[in-house]
Amino acid sequence: MRIAPDGYMTIALFSVLTIVSSFVSHWISLIFAVVLYFALWFFRDPERSPERPLKAGDFLSPADGKVVEIHEAENEYTGRAVKIGIFMNGTNVHVNRFPTKGIVEYVKYVPGKKWFAIAPKASEINERFYVGAMSEYGRFTLVQIAGIMARRIAPHVKVGDIVQSGERYGMIKLGSKVDIYLPPCIVPCVKIGDKVKAGHTIIGVMSD
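As the structure is a prediction and not an experimental result, all values here were calculated from the model. (Residues numbered from 1 in each chain as written. Predicted model: local features only at pLDDT ≥ 70, side-chain atom pairs only at ≥ 80, totals over all residues. Heavy atoms only, no water.)

(A) Here's a closer look at the nonpolar core. Counting 27 residues, the largest nonpolar core has Phe59, Ile84, Phe98, Val131, Val157, Tyr169 and Ile180 as its most contacted members. The set of elements that each furnish at least two residues to this core consists of β3 (79-88), β6 (128-135), β7 (138-146), β10 (168-172) and β11 (176-181). When neighbours within four sequence positions are excluded, isoleucine 84 is seen to be in contact with Val67, Glu69, Ile70, Val178, Asp179, Ile180, Leu182, Pro188, Val190 and Ile203. Membership of the second largest hydrophobic core comes to 12 residues, among which are Ala4, Phe14, Phe43 and Met171. (Core = buried A, V, L, I, M, F, W, Y, C linked by side-chain atoms within 4.5 Å. Buried < 20%, exposed > 50% of the residue type's maximum accessible area, 1.4 Å probe, protein only. Helix = DSSP H or I, 4+ residues; strand = E, 2+ residues; numbered from the N terminus. Contact = heavy atoms within 4.5 Å.)

Printed below as a string of structure tokens:
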């Protein structure tokens, strides 16, 4: 099982605590072992492939979770666009991926609250990290949004990076949300309530 690099330090810490505590108390060691198991499970990073061969204009989901929003909204990089909001609960894989290939032109960190990520206003008031990229279909924006239990947004991308469809670009630790603002020529092919997987589920297609 592949583990996201963001989890290496946490897993190493609880591995050491589990081993050391075993010389003191088997019960304490068991507690640390349970936490270690949870850390391994939380930081899992399975390989993914699209649900079908990609066609021109196909956009993959940037996150695992449930579609909770589809509507027009605006941000300073993409402008007015259709936004799809995906809520990740504590059981989802939390590694985020690019929906299509492109060149990163915009990154911005915004400090904020840690309100319930499923709430629509979380996109505007919570701690969040924007990544804007230019694809052959136009500009798109990804927004990682911290939730009430999220401890840290961990992006791994910078301006000038050339990215590919399904490529990993970071994660959010514990329950959170990812918004994607689509280019004008791309329309959603999912609906509210749908379960999606990062790098696997196609959530947008070329408009007719």
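And the narrative resumes.
(B) Representation of the packing of helix α1 (residues 8-21) against helix α2 (residues 26-42) within the structure. Close contact between α1 and α2 brings their axes to 8 Å; oriented N to C, the two are set at 160°. With respect to their mutual orientation, α1 and α2 come out roughly antiparallel. Crossing handedness for the pair α1 and α2: left-handed. Counting all contacts with α1, which are made through Thr10, Ile11, Phe14, Ser15, Leu17, Thr18 and Ser21, the residues of α2 involved are Ile28, Ser29, Phe32, Ala33, Val35, Leu36, Ala39 and Leu40. A per-class count over the contact of α1 with α2 returns 10 nonpolar, five polar and no charged. (Axes fitted to C-alpha atoms, helices over the stretch in contact; angles between N-to-C directions. Parallel < 35°, antiparallel > 145°, perpendicular 65-115°, else oblique. Left-handed = near helix turned anticlockwise from the far one by under 90°. Nonpolar A, V, L, I, M, F, W, Y, C, P; charged D, E, K, R; others polar.)

(C) The pairing of β10, seen in detail. For β10, the buried fraction is high: four of the five residues fall into the buried class. When strand β4 (residues 95-97) meets β10, the two strands line up antiparallel, connected through three bridges. When the sheet's bridge partners are listed, arginine 97 is paired in β10 with arginine 168. Here strand β8 (residues 153-155) pairs with β10 via three bridges, running antiparallel. When the bridges of β10 are listed, alanine 154 appears paired with methionine 171. (Pairing = 2+ DSSP bridges.)

(D) Quick peek at the packing of aromatic side chains. For the structure on display, the rule yields six aromatic pairs. With a centroid separation of 6.3 Å and an interplanar angle of 45°, the aromatic rings of phenylalanine 14 and phenylalanine 32 are classed as tilted. Residue phenylalanine 14 is located in helix α1, and its partner phenylalanine 32 is located in helix α2; the two are separated by 18 residues in the primary sequence. You can call phenylalanine 14 buried: its relative accessible area is 19%. By relative accessible area, which is 23% here, phenylalanine 32 ends up partly exposed. (Phe/Tyr/Trp six-rings, centres within 6.5 Å; stacked < 30°, edge-to-face > 60°.)

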